[in-house]
Amino acid sequence: MEMVSSELFQGASNDIAGHIGLMWDQVKAPVILPLLRVAVFLCLLMSVMLFVEKIYMTVVIVVLKLFGKRPEKLYKWEPLRDDLELGSSAFPMVLVQIPMYNEKEVYKLSIGAACGLSWPSDRIIIQVLDDSTDSVIKDMVEMECQRWASKGINIRYEIRDNRNGYKAGALREGMKHSYVKNCDFVAIFDADFQPESDFLLRTLPFLIHNPEVGLVQARWKFVNANECLMTRMQEMSLDYHFTVEQEVGSSMYAFFGFNGTAGVWRISALNEAGGWKDRTIVEDMDLAVRASFKGWKFVYLSNLKVKNELPCTFKAYRYQQHRWSCGPANLFRKMFMEIIKTRESLLKKVHVIYSFFFVRKIVAHIVTFIFYCVVIPSTVFLPEVHIPKWGSIYIPSIITILNAVGTPRSLHLLVFWILFENVMSLHRAKATIIGLLEGRRVNEWIVTEKQGEGAFKMRTISKSDRKPRFLMGDRLHVLELGMGTFLFFCGFYDLAFGKNYYFIYLFLQASAFFVVGFGYVGTFVTRP
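The rules behind the values
Residues numbered from 1 in each chain as written. Predicted model: local features only at pLDDT ≥ 70, side-chain atom pairs only at ≥ 80, totals over all residues. Heavy atoms only, no water. Salt bridge = Lys/Arg side-chain N within 4 Å of Asp/Glu carboxyl O. Helix = DSSP H or I, 4+ residues; strand = E, 2+ residues; numbered from the N terminus. Buried < 20%, exposed > 50% of the residue type's maximum accessible area, 1.4 Å probe, protein only. Core = buried A, V, L, I, M, F, W, Y, C linked by side-chain atoms within 4.5 Å. Pairing = 2+ DSSP bridges. Axes fitted to C-alpha atoms, helices over the stretch in contact; angles between N-to-C directions. Contact = heavy atoms within 4.5 Å. UniProt positions renumbered as here; feature names shortened; annotations may be inferred. Expected span 1.5 Å × (residues − 1).

Asker: Got a minute to help me understand the pattern of salt bridges in this structure?
Answerer: Pairing between side chains of opposite charge can happen when the charged atoms of each approach one another. Per the counting criterion, the structure on display carries 17 salt bridges. Among the ionic pairs, R160 bridges to D131, the shortest N-O distance being 2.8 Å. Residue R160 is located in the loop between β3 (155-158) and α5 (166-174), and its partner D131 is located in the loop between β2 (124-130) and α4 (135-149); the two are separated by 29 residues in the primary sequence. In this structure, R160 and D131 share a single accessibility class: buried. With a closest N to O distance of 2.9 Å, E144 and R147 form a salt bridge. Here E144 pairs with R147, and both are found in helix α4, just three residues apart, close to one helical turn.

Asker: Any chance you could explain the nonpolar core here in plain terms?
Answerer: Soluble globular proteins tend to pack their nonpolar side chains together in the buried interior. Core analysis: the biggest nonpolar cluster contains 141 residues, and V96, I111 and W265 have the highest contact counts within it. In terms of residues, this core owes the most to one element, helix α11 (residues 346-378), which gives 16 residues. Counting residues in hydrophobic clusters, the runner-up holds seven residues, among them I61, L64, Y240 and V244.

Asker: Quick question: what am I supposed to make of the sheet that holds strand β6 (residues 263-266) here?
Answerer: Strand order in the open sheet formed by seven strands is β3-β2-β1-β4-β6-β5-β7, with mixed pairing between adjacent strands. The two strands at the open ends of the sheet, each matched to only one other strand, are β3 and β7 (297-308). The mean inter-strand angle of the sheet, taken between neighbouring strand axes irrespective of direction, is 20°. In the sheet, strand β1 (residues 94-100) pairs with strand β4 (residues 185-188) via four bridges, with the strands oriented parallel. By the bridge assignment for β4, V94 is matched with F185. With respect to the sheet, helix α3 (residues 107-115) is in contact with β1, β2 and β3, its orientation differing from that of β1 by roughly 180°.

Asker: Help me out: how do you make sense of the UniProt feature "transmembrane region" (unreviewed entry) in the protein in this one?
Answerer: As annotated by UniProt and renumbered to match this structure, "transmembrane region" (unreviewed entry) occupies residues 38-67, 362-382, 394-420, 476-496 and 502-525. Overall, residues 38-67 shows 100% helix and 0% strand. The separation of its end C-alpha atoms is 44 Å. Taken end to end, residues 394-420 is 67% helix and 0% strand, and its two terminal C-alpha atoms sit 20 Å from one another.

Asker: Would you take a moment to explain helix α17 (residues 502-517) for this structure?
Answerer: Think of an α-helix as 3.6 residues a turn; residues three or four steps apart then line up on the same face. With 16 residues, α17 extends 22 Å between its outermost C-alpha atoms, agreeing within 8% with the 22 Å of an ideal straight helix rising 1.5 Å per residue. Here α17 has its buried residues at Y502, F503, L506, F507, Q509, A510, A512, F513, V516 and G517. Within two residues after α17, G519 carries a phi angle of roughly 85°, on the positive side.

Asker: Just to check I follow, could you spell out unusual backbone geometry for this structure?
Answerer: Located in the positive-phi region is N102, a residue other than glycine, with phi close to 50°. Structurally, N102 is set in the loop between β1 and α3. Its identity as a non-glycine residue notwithstanding, A262 has a phi of 60°, on the positive side. Positionally, A262 belongs in the loop between α7 (229-253) and β6.

Given below as structure tokens:
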């Protein structure tokens, strides 16, 4: 009886496998192969577009370095000096805005740094825009403002009864106060940013002596880059943005995307561009594009660095990357026709539409995930589909090296960076598609959690004081685990039947997805 049952089960299994094989043969040639070949062609095309963009920016940055074209040489710059006759009135009136939302860990750092800026005390107003929903934190922030006010600092604590428009809404409301009418310029710092005392003295001369300049942007300096491997990976990605992309945009087109913080705007430029809008979750980029097409020029200062904090938990970083990927794609959708209809030069339109938006904000995210995590792994099942070595090896290698040279100290982490970036491309590609299609999470705004400078030191104290409690949902990430399983299966298939040695890459990439999927990346904050 057992033998009969076993034979029946085996026969049924063979029958099911036969049906699956038959179905596969029926759809393989007419459907799967053509689709995969089209996907390979499109991915190779996007890879070439990205490659050309990287080479172009590399050539420009090398020329800039060789000929030393610093902003001080491209624009008029003279240090501001005291005038015996005019006194402090020789200095323009400056507004400093600090938007914050439940920033318990860092509010003192940002307020203290802003209040320590070197500028005549009667020519500067510190404006703390507190959207906090935690009443305890609101009281703490208000008390900190009062403490600085008692020292003679002109600081204003502003709140509103809603969070409409999130950061853009807070900044817009902040500009409506009567005392702002006397200000000529506005400096903006997020709650974890700590400018040096000479920040205004180094940025304002560009705006004062060059009436066509509407924005001066400083570079970011990461105080916790060494906290964990994930923050080192972030540093590598962002250093390229600041070392190359911002520098090239500023020098060649006098345009780049405002980073939302560590910058100074000419208020008349901000107003002429239409002020802050909350139609997307990248209000800073939105404002920059509108101001640029009104004729205003932007200056980027790579040698002026403002300290800030990188997200050190994977959850915080994932939410940040969703916003940074979804927002630009959605803004591109909304502004495409606006840009086309402007009267600016054709060269500038092509730069903004093609280079700035399409290649860097859409193609780069989509091709990274689709090509390296879906198309290449899928070809191990279909050896009829050929990917040339220049597309699968040479171009990716060159792009990777060009991206990594901005952080020489981390070159030994290059392989880890590649694998981690490919993992994050899952979320970036998904967010980009959501932005383009205006999907459900298109306007999702989750403030990036900050830990504060002393948080890492506190986490290194003995764990014997309390037992950490981990929740399953905090550690397991289903999408990453699913991708890891898919890539691992592809690797085993290629090892057994393939001839391209893709399994080496596939096993490494699958391992990276598993590491992230099981929550072993970044700093994990335990629950008491």
